[in-house]
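If you want the building blocks of each chain, they are given just below.
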Amino acid sequence: MIYFVAVVCVVGIASGQLLFKASAMSFEVANNYFDKKGLLILALALFVYGFTTLAWVWVLQKLSLGKVYPFMALAFLIVPIASYFVFHERFTAQYYLGVVLIMVGIYFTVKA
């Protein structure tokens, strides 16, 4: 259960990043940092980050930081994949190689 919540925290952090990007795009289109749509998306991003932070603190009560923190690196996988589909961002083969190396590192770190 605790590891499930840790993964939910990672997804929450990744979702927050996507929402931050969406708010930045909305502000850019409106050419105004007081754009209602952009502020609403930003508020949602902050809410997601806040809720995720509280859940993360709960996880840290149950597990050692050194054991669970490598899960946060999963965001380096989730965010680029989601940004590819949501924002149509493109990445180089070198970038994907780096992501694979991060995943291998997470595997070895968690197994240690």
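Look up a bit, the structure's there.
No experiment lies behind these values; they were computed from the predicted model shown.

**Q** Tell me about the packing of helix α4 (residues 75–86) against helix α5 (residues 93–111), and please be specific about residues and values.
**A** Interaxial distance between α4 and α5 falls to 9 Å at its minimum, and their mutual angle equals 145 degrees. Of the residues in α5, those touching α4 at Phe76, Leu77, Pro80 and Tyr84 are Tyr95, Tyr96, Val99, Ile102 and Met103. For the contact of α4 with α5, the residue count by class is nine nonpolar, no polar and no charged.

**Q** Explain the packing of aromatic side chains residue by residue, including any values.
**A** For any pair of aromatic rings, geometry is given as the distance between the ring centres together with the angle between the planes. One pass over the full model with this rule turns up eight aromatic pairs. For the ring pair Phe27 and Tyr33, a centre distance of 5.4 Å and an interplane angle of 50 degrees mean the geometry is tilted. With relative accessibility at 65%, the residue Tyr33 sits in the exposed group. Between the aromatic rings of Tyr95 and Tyr96, the centroid separation amounts to 6.2 Å while the plane-to-plane angle is 90 degrees, which identifies the pairing as edge-to-face. Among the residues examined, Tyr96 registers a relative accessible area of 37% and is labelled partly exposed.

**Q** Which residues make up unusual backbone geometry, and what values do they have?
**A** The phi torsion at Asn31 lies on the positive side, around 55 degrees, for a residue other than glycine. Within the element layout of this structure, Asn31 appears in the loop between α1 (2–30) and α2 (36–62). Note on Asn31: relative accessible area 70%, which makes it exposed. Its identity is not glycine, yet His88 carries a phi of approximately 60 degrees, on the positive side. Checked against the element boundaries, His88 lands in the loop between α4 and α5.

**Q** Explain the packing of α1 against α2 residue by residue, including any values.
**A** In contact at an axis separation of 8 Å, α1 and α2 are set at 160 degrees when each is read in the N-to-C sense. Here α1 lies roughly antiparallel to α2, going by the angle between them. For α1 against α2, the interelement crossing comes out left-handed. Considered class by class, the residues forming the contact of α1 with α2 number 21 nonpolar, eight polar and two charged.

**Q** I'd like a description of the side chain of Ser26, backed by residues and values.
**A** Note that Ser26 resides in helix α1. Taking relative accessible area as the criterion, Ser26 reaches 9% and is therefore assigned buried. Among the polar contacts made by the side chain of Ser26, one reaches the main-chain amide nitrogen of Gly38 at a distance of 3.2 Å. Contacts of Ser26, omitting those with residues within four sequence positions, involve Asp35, Lys37 and Gly38.

**Q** Help me get a handle on the nonpolar core, residues and values and all.
**A** In this structure, Cys9, Val10, Trp56, Val59, Val68 and Met72 are the most contacted members of the largest nonpolar core, which totals 16 residues. Of all elements in the fold, only α1 and α2 reach the threshold of two or more residues within this core. For this core, the leading source of residues is α1, giving five residues. If we skip the residues at most four places from it in the chain, Val68 touches Ala6, Trp56, Val59, Leu60 and Leu63.

The rules behind these values
Residues numbered from 1 in each chain as written. Predicted model: local features only at pLDDT ≥ 70, side-chain atom pairs only at ≥ 80, totals over all residues. Heavy atoms only, no water. Axes fitted to C-alpha atoms, helices over the stretch in contact; angles between N-to-C directions. Helix = DSSP H or I, 4+ residues; strand = E, 2+ residues; numbered from the N terminus. Contact = heavy atoms within 4.5 Å. Nonpolar A, V, L, I, M, F, W, Y, C, P; charged D, E, K, R; others polar. Phe/Tyr/Trp six-rings, centres within 6.5 Å; stacked < 30°, edge-to-face > 60°. Buried < 20%, exposed > 50% of the residue type's maximum accessible area, 1.4 Å probe, protein only. Parallel < 35°, antiparallel > 145°, perpendicular 65-115°, else oblique. Left-handed = near helix turned anticlockwise from the far one by under 90°. Polar contact = N/O pair within 3.5 Å; in protein donor to acceptor, adjacent residues only side chain to side chain. Core = buried A, V, L, I, M, F, W, Y, C linked by side-chain atoms within 4.5 Å.

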